[in-house]
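Residue-level listing of the chains:
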Amino acid sequence: TQLLEQSPQFLSIQEGENLTVYCNSSSVFSSLQWYRQEPGEGPVLLVTVVTGGEVKKLKRLTFQFGDARKDSSLHITAAQPGDTGLYLCAGSFRSSNTGKLIFGQGTTLQVKP
Amino acid sequence: GAGVSQTPSNKVTEKGKYVELRCDPISGHTALYWYRQSLGQGPEFLIYFQGTGAADDSGLPNDRFFAVRPEGSVSTLKIQRTERGDSAVYLCASGEIGRSPLHFGNGTRLTVT
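Because the structure is predicted, anything quoted here is derived from the model rather than measured. (Residues numbered from 1 in each chain as written. Chains lettered and ligands numbered in written order. Predicted model: local features only at pLDDT ≥ 70, side-chain atom pairs only at ≥ 80, totals over all residues. Heavy atoms only, no water.)

Undergrad: Which residues make up the state of the cysteines, and what values do they have?
TA: Residues and elements named next belong to chain B. A full pass over the atoms with the stated rule returns two disulfides over all chains. Each disulfide pairs two cysteine sulfurs, and for C23 the partner residue is C92, the sulfurs being separated by 1.9 Å. Measuring handedness by torsion sign, the sulfur bridge of C23 and C92 sits at about -65 degrees and is left-handed. Highlighted residues: C23 in strand β3 (residues 19–24) and C92 in strand β9 (residues 88–95), separated in sequence by 69 residues. Residue C23 is classed as buried on the basis of its relative accessible area, which comes to 0%. On the basis of relative accessibility, which here comes to 0%, the residue C92 falls in the buried class. (Disulfide = S-S within 2.5 Å. Helix = DSSP H or I, 4+ residues; strand = E, 2+ residues; numbered from the N terminus. Buried < 20%, exposed > 50% of the residue type's maximum accessible area, 1.4 Å probe, protein only.)

Here it is, written out as structure tokens:
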């Protein structure tokens, strides 16, 4: 049983399109993080959300934490080929150890020029 | 500045053999984590060190897996009597005490034949 469900698992779109990736759980997290991972490399942190309902923007990326702190979404506007990669959400249960993470299975994004 | 360094980057071993995977964290980072990432999945937590001690080893799958960090810096993940199911990318991450952001290495890809 996957504690954090990501959807979709695979997404192939054209340059310029918008997309949303979802991360859902029945558990409440103290914080949730989004990572991006390139082949042969480790995950790189994009953002951390802590407060229910919180919205954070990183250029064309918008991250939202659900009001109940059980789910999150990542929205990309006008996707570019450089956005291609594996996107991972990861939740932490303990504010005293936010490095111990439960990861979703990831969303592989392919943006075609 | 150097990031988290993991060696070797690739390791192929035969079933039943012993392997050691090394992690050099970012200098000054007291927290060190090991994760395992199977193909098509997100990383799974294995063990967390705070300084020299293993503060949480609840993710180690069985007693064939062991990790040490004798001087509070470099860590070694040791796997005895390897099995084909141990094949995965083993990721190391370091950070401030129990806190994100985590900085991941590029991992060691272990293949057990």
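Undergrad: An account of the interface of chain B and chain A is needed here, citing residue identities and associated values.
TA: Contacts between chain B and chain A engage 20 residues on the former and 22 residues on the latter. Between chain B and chain A, roughly 1,500 Å² of surface is buried when both sides are summed, and carbon and sulfur atoms account for 47% of that area. Remark: the boundary between chain B and chain A carries one salt bridge. The partner of K100(A) in a salt bridge is D56(B), with the nearest N and O atoms 2.7 Å apart. For the interface between chain B and chain A, the tally reads seven residue pairs in polar contact (both at pLDDT 80 or more). Mapped onto the side of chain B that touches chain A, the elements with two or more residues apiece are β4 (31–37) and β5 (44–50) of chain B. A per-element tally of the side of chain B that touches chain A places β4(B) first, with three residues. (Contact = heavy atoms within 4.5 Å. Buried area = accessible area lost by both parts, 1.4 Å probe. Salt bridge = Lys/Arg side-chain N within 4 Å of Asp/Glu carboxyl O. Polar contact = N/O pair within 3.5 Å; in protein donor to acceptor, adjacent residues only side chain to side chain.)

Undergrad: I'd like a description of the pattern of salt bridges, backed by residues and values.
TA: For the structure on display, the rule yields seven salt bridges over all chains. One salt bridge in this structure joins K56(A) and E54(A), with 3.7 Å as the shortest N-O distance. When the shortest N-O distance is used, the salt bridge between R64(B) and D86(B) registers 2.8 Å. Here R64(B) is found in the loop between β6 (53–56) and β7 (65–68), whereas its partner D86(B) is found in the loop between β8 (75–79) and β9, with 22 residues between them in sequence. One exposure class covers both R64(B) and D86(B), and it is buried. Salt bridges here are not isolated pairs; linked through shared partners, they connect R64(B), E83(B) and D86(B).

Undergrad: Explain the packing of aromatic side chains to me, using residue names and the numbers behind them.
TA: The final tally for this structure, using the stated rule, is 10 aromatic pairs over all chains. Ring centres of Y35(A) and F103(A) lie 5.6 Å apart, and the angle between their planes is 45 degrees; on these two criteria the pair is classed as tilted. Remark: F103(A) occurs in strand β10 (residues 102–103) and Y35(A) occurs in strand β4 (residues 31–37); sequence separation between them is 68 residues. Between Y35(B) and F104(B) the ring centres are 5.8 Å apart and the planes differ by 55 degrees, which places this aromatic pair in the tilted class. Remark: F104(B) occurs in strand β10 (residues 103–104) and Y35(B) occurs in strand β4; sequence separation between them is 69 residues. Residue classification places Y35(B) among the buried positions, given a relative accessible area of 0%. What links up through ring pairs into an aromatic cluster is the set Y35(A), F103(A), Y33(B), Y35(B), F45(B), Y48(B) and F104(B). (Phe/Tyr/Trp six-rings, centres within 6.5 Å; stacked < 30°, edge-to-face > 60°.)

Undergrad: Just give me the short version of the pairing of β4(B), but keep the residues and values in it.
TA: Residues and elements named next belong to chain B. Taking burial as the measure, the seven residues of β4 include seven buried ones, the bulk of the element. Pairing of β4 with β5 involves six bridges; the strand directions are antiparallel. Across the sheet, residue R36 finds its bridge partner in β5, namely E44. Connecting β4 to the antiparallel partner β5 that follows it, the hairpin turn spans six residues, and G40 within it adopts a positive phi of roughly 80 degrees. Across seven bridges, β4 lies against β9 in antiparallel orientation. The partner of R36 across the bridge, within β9, is Y90. (Pairing = 2+ DSSP bridges.)

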